[in-house]
Amino acid sequence: MNKYTGKTFQFPSPAKLNLFLHVVGKREDGYHELETLFQFLNYSDSIEISVTEGSEITLLTPINGVKTEDNLIVKAAHLLQEKIRLKSTNPLVVMGAKIRINKILPMGGGLGGGSSNAATILVALNLLWQSNFSTKQLAKLGLSLGADVPIFIHGFAAFARGVGEQLTPAKPKECWYLVCKPQISITTSSVFSSTDLPRNTPHLSNDNFNKFYCDEDLFDNNKYHNDCQTMVIKHYDEVANLLAWLIEYAPSRMTGTGACVFSRFSSEKEAIELQKKLPDGVYSFVAQGQNKSPLISVVKVIEN
């Protein structure tokens, strides 16, 4: 008998920032080679999971505009079930779940919300179903759902290479951020398919991997930037105008493929003060950077 059956648990599904994002090449398979620095935020969707004895996966809170079968939450749960089936000779070992999400992370914002949701499902159900896959195995599984899923599964701030799955732990300063999003959403595919996307930023030196995050200014645009931002501000005036406004007050940059822009502060108070001045119609929140995902802490509490 699974000790978690019939019980309900809450798991965070945090946002991430790309503190910088360099596109250093394009691969033959069409994917892009990246160099980026990931950090989590203490701002999360919340996912509630109840383990069931049957194998049915039920999403109790469908997301508007997303077919249930296309939702990364459902796809992640089914993917883990399939992995368990391949691992076990007993079909009865495959369990199900009822899942509810309180969605606060904006879609099309570059905060990794969908990837984070998928990662939380894989990590949480691996625990609750007692399937005992390693973090490395889960990350490999998650990569098939999206390039950003592995970072959320590993749960530590990291410098990433490849498509974003080759991770080196890092400890950037845990600053306060004002995160803003204009009233548009941007798809990842539209950015990476654009002819205006820079694809030849030089590789960063290997000597810097373990030291430059802590003592260098990551907003030094001579060294670090977001290549996707270069493309987006050409095509999306809403992002360009918001970014230009924010830069007047604080170091600011777009995260991921956008449309969210983040501004750095040394205190929560400073971030909130600027938030009060934002133009009308801009979605925003204030959060602190975290080098450890809150998901990992919650999992350890439930395990113990």
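Keep in mind it's a predicted model, so treat the numbers as computed, not measured. (Residues numbered from 1 in each chain as written. Predicted model: local features only at pLDDT ≥ 70, side-chain atom pairs only at ≥ 80, totals over all residues. Heavy atoms only, no water.)

1. Description of helix α10 (residues 294–303)
1) Next: Within α10, burial applies to L295, I296, V299 and I302. One side of α10 carries all its buried residues, which in axial view fall inside an arc of 125°.
2) Next: In this fold, the buried residues of α10 make contact with β1 (8–26), α2 (113–128) and α4 (149–154).
3) Next: At the N-terminal end of α10, a side-chain oxygen is found 3.1 Å from the backbone nitrogen of L295, two or three residues along, and the residue is S293. (Buried < 20%, exposed > 50% of the residue type's maximum accessible area, 1.4 Å probe, protein only. Helix = DSSP H or I, 4+ residues; strand = E, 2+ residues; numbered from the N terminus. Arc of directions from axis to C-beta. Contact = heavy atoms within 4.5 Å. Polar contact = N/O pair within 3.5 Å; in protein donor to acceptor, adjacent residues only side chain to side chain.)

2. So, α2
1) Next: Here α2 contains 16 residues, and its C-alpha end-to-end distance of 22 Å stays within 8% of the 22 Å for a straight helix at 1.5 Å per residue.
2) Next: Judged by how many residues are buried, α2 sits mostly within the fold: 15 of 16 residues are covered.
3) Next: Just downstream of α2, Q130 is the residue with a positive phi angle, here 55°. (Expected span 1.5 Å × (residues − 1).)

3. Topic: the nonpolar core
1) Next: Counting 46 residues, the largest nonpolar core has F11, I49, L80, I99, I121, L122 and W129 as its most contacted members.
2) Next: If sequence neighbours within four positions are ignored, F11 has contacts with D45, S46, I47, I49, T120, A124, L127, L128, L295, V298, V299 and I302.
3) Next: Counting 27 residues, the second-largest nonpolar core is a separate cluster that includes L34, C180, V191 and L197. (Core = buried A, V, L, I, M, F, W, Y, C linked by side-chain atoms within 4.5 Å.)

4. So, the packing of α2 against α10
1) Next: Remark: α2 packs on α10, axes separated minimally by 11 Å, with the N-to-C direction vectors making an angle of 15°. As the angle between them shows, α2 and α10 are arranged roughly parallel. Every pair of crossing elements has a handedness; the one defined by α2 and α10 is right-handed. On α10, the residues touching A119, T120, V123 and L127 of α2 are L295, V299, I302 and E303.
2) Next: Partitioned by chemical class, the residues of the contact of α2 with α10 number 6 nonpolar, 1 polar and 1 charged. (Axes fitted to C-alpha atoms, helices over the stretch in contact; angles between N-to-C directions. Parallel < 35°, antiparallel > 145°, perpendicular 65-115°, else oblique. Left-handed = near helix turned anticlockwise from the far one by under 90°. Nonpolar A, V, L, I, M, F, W, Y, C, P; charged D, E, K, R; others polar.)

5. Considerations on the state of the cysteines
1) Next: Following the criterion strictly, the structure yields 0 disulfides and no others.
2) Next: With no disulfide of its own, C180 has C260 as its nearest cysteine by sulfur position, at a separation of 8.3 Å.
3) Next: Looking at C180, the relative accessible area reads 0%, which means it is buried. (Disulfide = S-S within 2.5 Å.)

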